[in-house]
Amino acid sequence: MHRTKVRVVEDALDANNTIASANRSDFDRSNVTVVNLMSAPGAGKTTLLERALEGLADEDPPVRVGVLEGDVQGSFDADRLSVLHIPVVQLNTDNGFGGECHLDANMVRSALPAVPLDDMDVLIVENVGNLVCPAEFRIGEDARIMVCSVTEGEDKPLKYPLMFRACELVVINKVDLLEHLDFDVDRLEANILQVNHHAKVMRVSAKTGEGIDAFRAWLQALPARAGATA
Amino acid sequence: MHEFDLSSAIVATVNKHADGRKVTHVTLRIGRLRQVVRDTLEFYLAIVGKDTPCEGATLEIIDVPATLVCKNCQNEWEIEIPAFICATCGPGAVEVKTGEEFMVESIEVEDEEDAACTAPR
Ligand SMILES: Nc1nc2c(ncn2[C@@H]2O[C@H](COP(=O)(O)OP(=O)(O)O)[C@@H](O)[C@H]2O)c(=O)[nH]1
Ligand SMILES: [Mg+2]
Ligand SMILES: [Zn+2]
């Protein structure tokens, strides 16, 4: 039997990246800066948003924020954010195979018709899942944030360098628990910087509000930054 | 457990290039920094590839080491642990040179004419 070798040399994620570019064009057209918010489950993404987003539209400069909530099932996180009176769109990722472990460009694309892009300056996409995949599947975002809680171990950055290298901001959350834990937060920060020297690191407690102002300020600076590069 | 989704991406890429022909062999080029677990990937490829042109294809993975380059002193070196730091200049100008690849390198397909030859006459 005759067999032919076919040279392919194609990034297997090209198809995803093509859709991510299409998303990006839509975001650019509406002048929306998009943030991909990632973490291990339970690190505190939703709590951080609950804390940080309130009243941003009334600040100077005003920033209108919307959220696209990835959830494996249900709408618990989206419901929690409904008190903020900002656009929140739910995106379920259950694919019948126990749920996806991340959002990909196509899932985000399928949700976009429901997202009122023209009513916002910043769209935050709360990703789902673990610490490897989300960094591999771009969704058309401008910036990636990783939330890392002090209950997770100081070695996380060394175990998941791909993810930490892909993020420009790492939010160390749950610092209110530090006094109860035998956790070396300086070592965590050193490990983050060892893997990604350019990362900005913030220490916050989404529970008590400690450090949240710095995160709010970072979000507020986003639209101006996008304008500068456009 | 990103191997499941990565498998879907691989199968889609392979089948696109197979263009309807049966695939007998797949060669991937995967960088160390991707942290792909070979056995897990193979396991999911078999599941995702079932009932598609690449069902039953053998798999070969070219393992690409993680190498860094310092843009300051042009030094290049391989890393075994995730330390992105130049011994001379520190971390400021270090970039990944290889190790982030996730490519379908080549595939082997059964020729259509030959496939016809094996059909009963
Ligand atoms: N002590 C403490 N608990 C927190 C903090 N932030 C979140 N949590 C808790 O961690 C759990 C998971 O938070 P959630 O925001 O749902 O995590 P997500 O899965 O990343 O969205 C919840 O029980 C939160 O109340 C924090 O700063 N301090
Ligand atoms: Mg959540
Ligand atoms: Zn150097």
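See the structure above.
Enquirer: I keep staring at the overall build of chain A and nothing clicks. Help me out?
Expert: A tally of helices and strands in chain A yields nine helices and eight strands. The C-alpha radius of gyration computed for chain A amounts to 18 Å, which stays within 12% of the reference 17 Å derived for 230 residues, consistent with globular compactness. Considering only residue pairs separated by 6 or more positions, chain A has 75% of its internal contacts joining residues 24 or more positions apart. If you sum the accessible surface of chain A, you get close to 10000 Å²; carbon and sulfur atoms cover 48% of it. Across chain A, the centroid of the 22 positively charged side chains sits 7 Å from that of the 36 negatively charged ones.

Enquirer: I tried to follow the pairing of strand S3 (residues 67-70) of chain B on my own but got confused; where do I start?
Expert: Across a regular strand the side chains alternate sides, sitting on one face of the sheet and then on the other. Residue and element names in this part refer to chain B. Residues Thr67 and Val69 line one face of S3 and the alternating positions Leu68 and Cys70 line the opposite face, and both faces are buried. In sequence, S3 turns back onto strand S4 (residues 76-78) through a hairpin of five residues, with Gln74 there showing a positive phi of about 65°. Sheet topology note: the S3/strand S5 (residues 94-98) ladder contains four bridges and is antiparallel. Among the inter-strand pairings, Leu68 is bridged to a residue of S5, identified as Val96.

Enquirer: Got a minute to help me understand the sheet that holds strand S2 (residues 33-39) of chain A in this structure?
Expert: Strand pairing in a sheet is mediated by backbone hydrogen bonds. Such pairs are either parallel or antiparallel. Residue and element names in this part refer to chain A. In spatial order, the strands read S4-S3-S5-S2-S6-S7-S8; together these seven strands make up an open sheet with parallel pairing. Unpaired on one side and paired on the other, strand S4 (88-92) and strand S8 (200-203) mark the two borders of the sheet. Strand-to-strand twist of the sheet, defined as the mean angle between neighbouring strand axes without regard to direction, takes the value 20°. Direction of pairing for S2 relative to strand S5 (residues 122-126): parallel, over a ladder of five bridges. Among the inter-strand pairings, Val35 is bridged to a residue of S5, identified as Ile124.

Criteria and thresholds
- Residues numbered from 1 in each chain as written.
- Chains lettered and ligands numbered in written order.
- Predicted model: local features only at pLDDT ≥ 70, side-chain atom pairs only at ≥ 80, totals over all residues.
- Heavy atoms only, no water.
- Helix = DSSP H or I, 4+ residues; strand = E, 2+ residues; numbered from the N terminus.
- Rg over C-alpha atoms; globule rule 2.2 N^0.38 Å.
- Contact = heavy atoms within 4.5 Å.
- Areas by Shrake-Rupley, 256 points an atom, 1.4 Å probe, with all protein chains shown as cover.
- Lys, Arg positive; Asp, Glu negative; His and termini not counted.
- Charge placed at Lys NZ, Arg CZ, Asp CG, Glu CD.
- Buried < 20%, exposed > 50% of the residue type's maximum accessible area, 1.4 Å probe, protein only.
- Pairing = 2+ DSSP bridges.
- Axes fitted to C-alpha atoms, helices over the stretch in contact; angles between N-to-C directions.

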